[in-house]
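# Examining the three-dimensional arrangement
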Amino acid sequence: MRPDAPQGDDRGQAAIVGIVLLIAVVAIGSTGILLVGLDATDRTSDRVEDEQIKRAFNTLDKRVDTVAREESGSREVDLGLNAENDALRKESTGRIVVRTSESDTEILNTTIGSIEYGNDGNTYTYQGGGVWLGTGADAQMLSSPDVSYREASLSLPLTVLSGDERLEADPVRIEKSETPKFTQYDLVEGEVLIVEITSEYYGGWAEYFRTEVDNTGVTVDDANETVTVELGQFTPPEGVFDDGLTATGDVAFGGGSAEIVGNVSATGSVDDSRVTGSTSTADGSYPPIDRIIERKIEDAAENTSITRLSPDMSGVSTLQGGEVYYAPNGIDLGNGDGAVADLSTGNVTLIVDGDVHMDKGDVEVLNPSENTALRTYASGNFSMKNTEFCVAPCGGSVDAEHNQVYGTSEMQVGLRGGGSNYFEGTVYAPRRTEVDGTNGAWQRVGGPDNKCDKPSGSDDYDVCLATGNSGFDGSIVAGSTRLAQSTQLTEDGGVEGMQPVYADANTALPPPVTYFTITVYEVEISDGDEEN
């Protein structure tokens, strides 16, 4: 027999080892199956519990809503939640502020509070009539809040929570603590209605309003956990250019032969001795377009495909039809600067963040056709000195409708002519009140102080065409106005009936609102087993 041949005992031992290994493999496999089964069971249990919590909070939402709108009374609801994870009522998780663009007075400013419940890392919350999952930017809406927007109507019923800080036992008692403490119904005309919601669950609120209202009217400030919703009345008014001058404030003349050839309407007094047409009292109803211009600037700043312009417009001698241009640092054209706007292929839109200032830097509008124009939207002032800004050929037939300048309620205008200074077009910068202080546009062109001073001496007129032989053909809608020396403002009948242009393909304006309702209810939440 060979020395390495296996002996009988060795063969027996090998068989025993094989059986033990087989048992071990089977045991390990069984344990794995058991663990997988337990994990699947846990996941199923978690899903069931999550669904329970969602149903409980949706039920709570409905009960709170019912009690809030009743004359009086109370309800109890059995949430059926885990007693170890009691619900927490929190007072400072949200605030809603409602205001308009034209007033510093807040229509509403109130906290809304919440009921929050944590379960295995998930946070479920009732706030403001909605049910939310998660917090911060990641919060999701499980049930929509009571805020609704339908057919240009905003309804804002809010429920403010008070009562026990912690809800530790079922059932939960919901009781109306007082009658609605604030109700308002109002018509929003020519204003932007602004709703600001600051909330620990702001991501869900943003999701809701983007769906309910319109994404164009919703902005999010992550740093401050705030969602801002804007709704506006942006229908351009009619008849705004039917007069040569529409002024919020007085219309006055200085020495010389200055005159207005055409009609004038003003909220203040008018020296009609140098007005060739009729004079009338304006009602100051044209709404400011500040927010429209702000949105255009915001959109242009974010749109990298829009051509950027330097203040002197260097490198861009022709503004092409169908294009939008953005001047983030204003326009400042000096001697030798300038450009043409070619309308042969469509409108030209120029968006300016800052002043539009021209001093011997001419701009001409070429090849206009019906309904085409160079439209300039500026956040600052408008000033010209020894400059021609007109529709070619300058000095020919007047075509003011093809050159339109739009400004905020703070825009001041200064035209000063040492030599030739001519503007052909329209300026639309409506306002509710005059601008206080000195006229920055007039100072920019080096105009003498006494040519723009009001009689009181403490403030300037908003619009000054007051030295040399400046000419203005078209129409102005702005603030108080003074003309002096040889300046002349001539109304262009061709712009009568023309409406201002607010929106275009590159600017999305907020959705409209015609009226809104606000109602604030207060509801007390407590454990149902407490004495009442």
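Residues numbered from 1 in each chain as written. Predicted model: local features only at pLDDT ≥ 70, side-chain atom pairs only at ≥ 80, totals over all residues. Heavy atoms only, no water.

The next point concerns the overall build of the protein chain. Summing up its helical and strand segments, the protein chain has four helices and 37 strands in all. Going through the 532 residues of the protein chain one by one, you find that 48% of them count as buried. When contacts within the protein chain are restricted to residue pairs at least 6 apart in sequence, long-range pairs at least 24 apart make up 70% of them. (Helix = DSSP H or I, 4+ residues; strand = E, 2+ residues; numbered from the N terminus. Buried < 20%, exposed > 50% of the residue type's maximum accessible area, 1.4 Å probe, protein only. Contact = heavy atoms within 4.5 Å.)

Counted according to the given criterion, the structure contains two disulfides. The side chain of cysteine 390 participates in a disulfide bridge whose partner is cysteine 394; the two sulfur atoms lie 1.6 Å from each other. Taking the sign of the torsion about the S-S bond as the criterion, the disulfide between cysteine 390 and cysteine 394, at about 70 degrees, is right-handed. The disulfide partner of cysteine 452 is cysteine 464, and the gap between their sulfur atoms is 1.7 Å. Negative torsions about the S-S bond denote left-handed disulfides, and the value of about 65 degrees found for cysteine 452 with cysteine 464 makes this one right-handed. Remark: cysteine 464 occurs in strand 34 (residues 463–467) and cysteine 452 occurs in the loop between helix 4 (440–444) and strand 34; sequence separation between them is 12 residues. (Disulfide = S-S within 2.5 Å.)

Once that is clear, we can look at the environment of leucine 415. In this structure, leucine 415 sits in strand 32 (residues 413–416). Judged by its relative accessible area of 0%, leucine 415 falls in the buried class. Through-space distance from the C-alpha of leucine 415 to that of serine 383 is 5.7 Å; in sequence the pair is 32 residues apart. The residues touching leucine 415, leaving out its near neighbours within four places in the chain, are Met384, Asn421, Phe423, Trp442, Cys464, Leu465, Ala466, Ser470 and Phe472.

Turning to empty space enclosed by the protein, a few remarks are in order. Unfilled space is identified by rolling a water-sized probe across the atoms. The tally for this structure, following the rule as stated, stands at one cavity of 30 Å³ or more. In this structure, the largest cavity spans a volume of roughly 60 Å³. In the lining of the largest cavity, the residues fall into nine nonpolar, one polar and no charged. (1 Å grid on protein atoms, 1.4 Å probe; cavity = no way out; pocket = protein on both sides within 12 Å on 5 of 7 lines; lining within 4 Å. Points joined across faces, edges and corners; volume = space filled by probe spheres on them. Nonpolar A, V, L, I, M, F, W, Y, C, P; charged D, E, K, R; others polar.)

On to the packing of aromatic side chains. Counted by the stated rule, this structure contains 10 aromatic pairs. Both rings, one in phenylalanine 382 and one in phenylalanine 389, keep their centres 6.3 Å apart while their planes meet at 65 degrees; by these two values the pair is edge-to-face. A single burial state applies to phenylalanine 382 and to phenylalanine 389, both of which are buried. Ring geometry for phenylalanine 389 and phenylalanine 423: centres 5.5 Å apart, planes at 70 degrees, overall edge-to-face. Here phenylalanine 389 is found in strand 30 (residues 388–391), whereas its partner phenylalanine 423 is found in strand 33 (residues 422–428), with 34 residues between them in sequence. (Phe/Tyr/Trp six-rings, centres within 6.5 Å; stacked < 30°, edge-to-face > 60°.)

This part covers the sheet that holds strand 6 (residues 122–127). With respect to topology, six strands assemble into an open sheet ordered 8-7-6-5-2-11, the strand pairing being antiparallel. The two strands at the open ends of the sheet, each matched to only one other strand, are strand 8 (140–143) and strand 11 (166–167). Packing of helix 2 (residues 202–212) onto the sheet brings it into contact with strand 6, strand 7 (130–133) and strand 8, and relative to strand 8 it is tilted by some 70 degrees. (Pairing = 2+ DSSP bridges. Axes fitted to C-alpha atoms, helices over the stretch in contact; angles between N-to-C directions.)

The next thing to look at is the nonpolar core. General note: in soluble globular proteins, nonpolar side chains tend to be found buried as a group. Core analysis: the largest hydrophobic core is formed by 47 residues, its most contacted members being Ile260, Phe382, Phe389, Phe423 and Val427. Among the nonpolar cores identified, the runner-up in size contains 31 residues, and Tyr149, Val160, Phe209 and Val520 belong to it. (Core = buried A, V, L, I, M, F, W, Y, C linked by side-chain atoms within 4.5 Å.)

It is worth spelling out the layout of surface pockets at this point. Taken as a whole, the largest pocket spans an internal volume of roughly 600 Å³. For the largest pocket, the lining is made up of 33 residues, of which Ser101, Glu102, Pro288, Asp290 and Arg291 are closest to its centre. Broken down by secondary-structure element, the contributors of at least two residues to the lining of the largest pocket are strand 3 (94–100), strand 13 (192–199), strand 15 (226–232) and helix 3 (290–302). When residues in the lining of the largest pocket are grouped by element, the largest group, five residues, is from helix 3.

This part is about the sheet that holds strand 3. The sheet built from five strands is open, its strands ordered 4-3-13-15-14 with antiparallel pairing. On the outer flanks of this sheet lie strand 4 (108–111) and strand 14 (218–221), each paired with one strand and no other. Pairs of neighbouring strands in the sheet enclose a mean axial angle of 15 degrees, with direction left out of account. Taken together, the four bridges between strand 14 and strand 15 define a ladder with antiparallel strand orientation. Looking at the pairing, threonine 219 lines up with threonine 228 of strand 15. This element, helix 2, spans strand 13, strand 14 and strand 15 of the sheet and lies at about 170 degrees to strand 14.

Okay, the pairing of strand 7 next. Residues of strand 7 alternate between two faces, with Gly130 and Trp132 on one and Val131 and Leu133 on the opposite face, all of them buried. One ladder, built from four bridges, connects strand 6 with strand 7; its direction is antiparallel. If you follow threonine 125 over to strand 7, its bridge partner there is tryptophan 132. In this structure, strand 7 lies alongside strand 8, joined through three bridges in antiparallel fashion. Across the sheet, tryptophan 132 pairs through a bridge with methionine 141, a residue of strand 8. Hairpin connection between strand 7 and strand 8: a loop of six residues separates the two successive antiparallel strands, and glycine 134 in this loop has a positive phi of roughly 90 degrees.

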